[in-house]
Amino acid sequence: MCYYKYVNYSEKDFPTEEEYVARMYTGALLNPRVDSTFKALFTQPTAESRGALKSFLEAATERDMDSFEFVSNDAPEEFGGQRRVSYDIACVFSDGEAADIEMQAFNQEYDYGKRAEYQVSRLETTYLKKGDTWEKAPKVYQITVLDFIYSKIDENNAETKKPVSRYSMRTKDGRELSNALNVIFIELPKVQGLEQSLDTNTRLENWALFLKDADNPQKNELIHKLTQKEAGLMQAQQSLSNISENRDLWIAEYRKEMYERDRRSSISAAINKGLKQGLERGLAQGIAQGLERGLAQGLERGLAQGIEQGIAQGLEQGIAQGRFDEKKDIVKRLYALGLSPEQVAQGVGLSVQDIKQLM
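Structural notes, computed from the coordinates. On a predicted model such as this, the values are computed, not experimentally measured, just so you know.

What counts and how
- Residues numbered from 1 in each chain as written.
- Predicted model: local features only at pLDDT ≥ 70, side-chain atom pairs only at ≥ 80, totals over all residues.
- Heavy atoms only, no water.
- Salt bridge = Lys/Arg side-chain N within 4 Å of Asp/Glu carboxyl O.
- Helix = DSSP H or I, 4+ residues; strand = E, 2+ residues; numbered from the N terminus.
- Buried < 20%, exposed > 50% of the residue type's maximum accessible area, 1.4 Å probe, protein only.
- Axes fitted to C-alpha atoms, helices over the stretch in contact; angles between N-to-C directions.
- Parallel < 35°, antiparallel > 145°, perpendicular 65-115°, else oblique.
- Left-handed = near helix turned anticlockwise from the far one by under 90°.
- Contact = heavy atoms within 4.5 Å.
- Nonpolar A, V, L, I, M, F, W, Y, C, P; charged D, E, K, R; others polar.
- Core = buried A, V, L, I, M, F, W, Y, C linked by side-chain atoms within 4.5 Å.

### A few points about the pattern of salt bridges
Applying the stated rule across the entire model yields 21 salt bridges. Here Arg203 ties to Glu58 by a salt bridge, and the two come within 3.8 Å at their closest N and O atoms. Placement of Arg203 in helix α6 (residues 203–213) and of Glu58 in helix α4 (residues 47–61) is noted, with a sequence separation of 145 residues between them. Given the relative accessible area of 11%, Glu58 is considered buried.

### So, the packing of α4 against α6
Direction vectors running N to C along α4 and α6 enclose 130°, while the axes themselves pass 8 Å from each other. If you check the angle between α4 and α6, you find them oblique. You can see that α4 and α6 cross each other, and the crossing is left-handed. Within the contact between the two elements, α4 uses Ala52, Ser55, Phe56, Glu58, Ala59 and Ala60 and α6 uses Arg203, Leu204, Trp207 and Leu211. Residue composition of the contact of α4 with α6, by class: 7 nonpolar, 1 polar and 2 charged.

### Observations concerning the nonpolar core
With 53 residues, the main nonpolar core has Phe56, Leu57, Ile143 and Trp207 as its most contacted residues. Residues within four places of Ile143 in sequence aside, it is in contact with Phe56, Leu57, Ala60, Ala99, Asp100, Ile101, Glu102, Ile184 and Ile186. Membership of the second largest hydrophobic core comes to 15 residues, among which are Val85, Tyr87, Tyr112 and Val140.

Now the structure itself:
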């Protein structure tokens with residue numbers, strides 16, 4: 001959901017890069033759901049940016065913290081060939097706990113659940129040092145903001161309608177294992193309906209509302225209410241306003257949007273091509289199968305009708321032949337008794353010519 005959603009650009013009149021970037025001079029705000037903007041929002045060397053991140057982390061982890069420090073976005077590789085992990089934002093709290101924050105603006109159609117499990121596991125192995133006891137294994141958090149629905153909504157399960165989902169290792173009956181590995185998903189499209197309950201929403205739910213609509217001028221009143229309720233959201237609004245004056249971030253947002261539009265177009269073209277090819281192949285196969293089945297059924301029906309007609313004709317001819325043979329035998333007997341052809345013909349009901357032929 002980038003800016004063109006609000007100005008209703010069509011595929012043909014989507015602005016050029018310069019036209020898009022020129023929006024920064026109109027007071028428009030960057031889209032915090034684009035990863036480059038999301039990272040910039042929380043990582044500026046300003047009090048507003050750090051205050052906003054601290055507020056977001058506390059809301060996501062449901063705990064207070066004294067301070068945090070940014071750490072490398074690249075997890076160390078423990079062996080050759082290990083899959084590389086790069087975090088959007090990685091930080092360690094003053095008490096040793098750690099978090100990775102990710103922004104996923106577009107659904108890339110892969111398993112985000114497995115991805116999150118792998119990332120949180122790498123966090124754990126990064127901060128548990130050689131020689132540490134298992135009791136020192138830090139609590140780690142993998143926090144992903146999704147601008148699309150990941151877990152399908154079940155109308156019979158109210159939990160699936162909530163924007164925030166928290167995962168940890170538990171038994172089937174709900175008993176917690178250690179609470180060390182924690183995955184938190186925030187699905188922004190599911191905030192619908194939360195605008196009317198700002199006072200009873202969780203802090204993280206209000207953060208989700210902010211991230212979803214901070215750049216939407218039609219939601220200015222909502223954003224104002226949110227920033228008045230939460231100091232961290234006020235700081236986030238100030239940080240977003242500050243970075244929205246950065247031309248490079250506007251260019252990055254534009255190129256990200258164009259990349260995604262091209263990707264969607266390519267997928268759509270591939271689907272349409274596949275449908276066309278499938279239809280053509282289906283028609284060809286259908287015609288071939290229809291002809292084959294038609295010939296088979298025609299032959300089967302032809303044989304059945306032929307047999308039926310043959311039997312009928314055979315019976316009819318057999319009966320006629322039987323009658324003819326019977327008359328022929330009678331003619332011969334009458335003639336043997338000395339009757340003339342005329343007398344025999346009169347006796348069996350045939351012509352004299354027929355009697356002569358039979359004799």
